[in-house]
Amino acid sequence: MPFNQAYARVLGAGHLTLGLMTPLERIPGQEADVARETALAARAGALGIAALWTRDVPLAIPQGSSGEAALLDDPFVWLAALALAAPGVAIGTAAAVLPLRHPLHLAKAALSLDRLSGGRFILGLGSGDRPEELAAFGVDRPPDVLYRERWELLRSALAPLEAERAAMLAASGGFVPGLAPVARIPMLAVGSARQSLQWIAAHADGWATYHREEARQQGRIALWQRALEERAGGRRKPFVQSLQLELLDDADAPAAPLELGLRAGRHALLAYFGRMARLGVDHMLVNLQGPRPVAEQLEELGAEIVPHLQGLRVGADAP
């Protein structure tokens with residue numbers, strides 16, 4: 001059974017594709033400006049951005065080196081608004097926190113969003129990295145075990161084929177959250193998910209991980225490909241990388257490291273994208289940063305980067 005159209009557009013295009021983390025404009029301590037964000041989403045779609053992503057943050061808990069407590073809307077409601085604003089653009093979670101959500105609730109949300117968007121949804125699933133959230137939601141079992149158990153039930157609930165839905169029917173007493181989808185909704189493991197890479201290779205439709213220095217990322221991609229050989233029969237599955245990016249207005253500015261990303265002018269950025277595509281990165285999930293207005297960075301990405309992406313073949317000339 002084939003995947004939905006989001007998979008082909010974002011993960012299986014054969015060349016590097018570009019996605020953006022939303023909300024695009026973030027002001028610490030404030031919720032997103034819905035009118036502004038939907039306008040930016042529409043513009044991103046017009047510029048050829050392949051996907052718009054969001055995070056699942058149920059509680060505003062300070063995190064990271066900045067100590068920011070993100071105030072984000074429910075990811076599924078938020079993505080529904082973006083799907084309406086940007087027809088044709090894929091939408092995805094990066095990531096929904098599986099140990100905090102009942103898999104049948106997740107299945108209902110994923111099936112609804114995929115149907116309402118016309119098959120444009122990608123379900124990224126993480127294990128959560130905030131102990132305070134696990135405590136607040138009463139998670140009293142190891143998150144790694146919950147992740148594996150709930151993944152299997154969720155996979156069954158999202159299956160297009162009747163033969164694959166037995167686990168869901170047994171858990172629900174024979175009742176369904178909705179009609180089976182006409183195509184598979186891609187399920188990505190995001191981060192380590194507290195699982196081995198071998199488990200992810202065997203069970204997920206792809207793996208999304210964070211930015212690393214290039215030589216280290218090359219090593220991670222090699223490990224991913226080896227795990228696919230061992231646990232997925234050598235079947236190719238996509239590799240997604242997140243990137244914190246400050247796109248500088250000086251087109252010739254060299255790349256310099258940021259925490260989990262880089263700042264660069266467009267020429268250095270395009271060269272970097274080319275190298276990562278050759279190493280095997282299928283999709284680059286960009287989180288725009290820095291003092292330069294996000295709208296300006298978005299326009300430059302659309303005008304100067306996106307038109308070149310089809311030439312950045314994934315795995316081409318890889319060592």
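Residues numbered from 1 in each chain as written. Predicted model: local features only at pLDDT ≥ 70, side-chain atom pairs only at ≥ 80, totals over all residues. Heavy atoms only, no water.

1. Quick look at the packing of aromatic side chains
In plain terms, the rule: Two rings belonging to Phe, Tyr or Trp (six-membered ring only in the last case) form a pair when the distance between their centres is within 6.5 Å. Interplanar angles under 30 degrees mark stacking, angles over 60 mark edge-to-face geometry, and anything in between is tilted. Only DSSP runs of H or I reaching four residues or more are called helices, and only runs of E reaching two or more are called strands; each is numbered from the N terminus. Exposure categories follow from relative accessible area, calculated using a 1.4 Å probe and restricted to protein chains: below 20% of the type maximum is buried, above 50% is exposed, and the middle band is partly exposed.
In total, this model carries eight aromatic pairs according to the counting rule given. Between Tyr147 and Trp151, the ring centres sit 5.7 Å apart and the planes meet at 35°, which makes this aromatic pair tilted. You can see Tyr147 and its partner Trp151 sitting in helix H6 (residues 143-157), four residues apart, about one turn around the helix. Like Tyr147, the residue Trp151 is buried in the burial classification. On the basis of an interplanar angle of 65° and a centroid distance of 6.0 Å, the ring pair of Tyr147 and Trp199 is categorised as edge-to-face. Remark: Trp199 occurs in helix H8 (residues 197-203) and Tyr147 occurs in helix H6; sequence separation between them is 52 residues. Trp199 shares its class with Tyr147; the two are buried. Feature note: the residues Tyr147, Trp151 and Trp199 constitute an aromatic cluster, connected by ring pairs.

2. Remarks on unusual backbone geometry
Negative phi values dominate among residues other than glycine, just as trans dominates among peptide bonds. Here the amide bond leading from Thr22 into Pro23 is cis, since omega sits at 0°, within 30 degrees of zero. Here Pro23 shows up in the loop between strand S1 (17-21) and helix H2 (34-46). Ala95 follows Ala94 through a cis peptide bond whose omega is 15°. Relative to the helices and strands, Ala95 resides in strand S3 (residues 90-97). Despite not being glycine, Arg194 shows a phi value in the positive range, around 60°. Structurally, Arg194 is set in the loop between strand S5 (187-190) and H8.

3. Focus on the nonpolar core
To keep it simple, the criterion reads: Nonpolar cores are built from buried Ala, Val, Leu, Ile, Met, Phe, Trp, Tyr and Cys residues. Side-chain atoms within 4.5 Å join them into one set. A contact between two residues is defined here by any heavy atoms of the two lying within 4.5 Å.
Grouped together as the largest cluster of nonpolar side chains are 74 residues, with contacts concentrated most on Leu20, Leu123, Leu125, Phe273 and Met284. Per-element accounting of this core gives the leading share, six residues, to helix H10 (residues 266-279). Every residue in contact with Phe273, bar those within four places of it in the chain, is listed here: Leu16, Leu18, Leu243, Met284, Val286, Ile305, Leu309 and Leu312.

4. Here's the deal with the environment of Gln63
How we decide: Here a polar contact is taken to be a pair of N or O atoms separated by no more than 3.5 Å, where protein atoms must pair a possible hydrogen donor with a possible acceptor and residues adjacent in sequence count only if both atoms sit in side chains.
Mapped onto the fold, Gln63 is located in the loop between strand S2 (51-54) and helix H3 (75-85). The exposure class assigned to Gln63 is partly exposed, which follows from its relative accessible area of 27%. Sequence spacing of Gln63 and Asp129 is 66 residues, and the spatial spacing of their C-alpha atoms is 9.5 Å. The residues touching Gln63, leaving out its near neighbours within four places in the chain, are Arg55, Glu68, Asp129 and Arg130. Looking at Gln63, its side chain comes within polar contact range of the side chain of Asp129, at 3.0 Å. Of the polar contacts made by the side chain of Gln63, one reaches the side chain of Arg130; its length is 2.5 Å.

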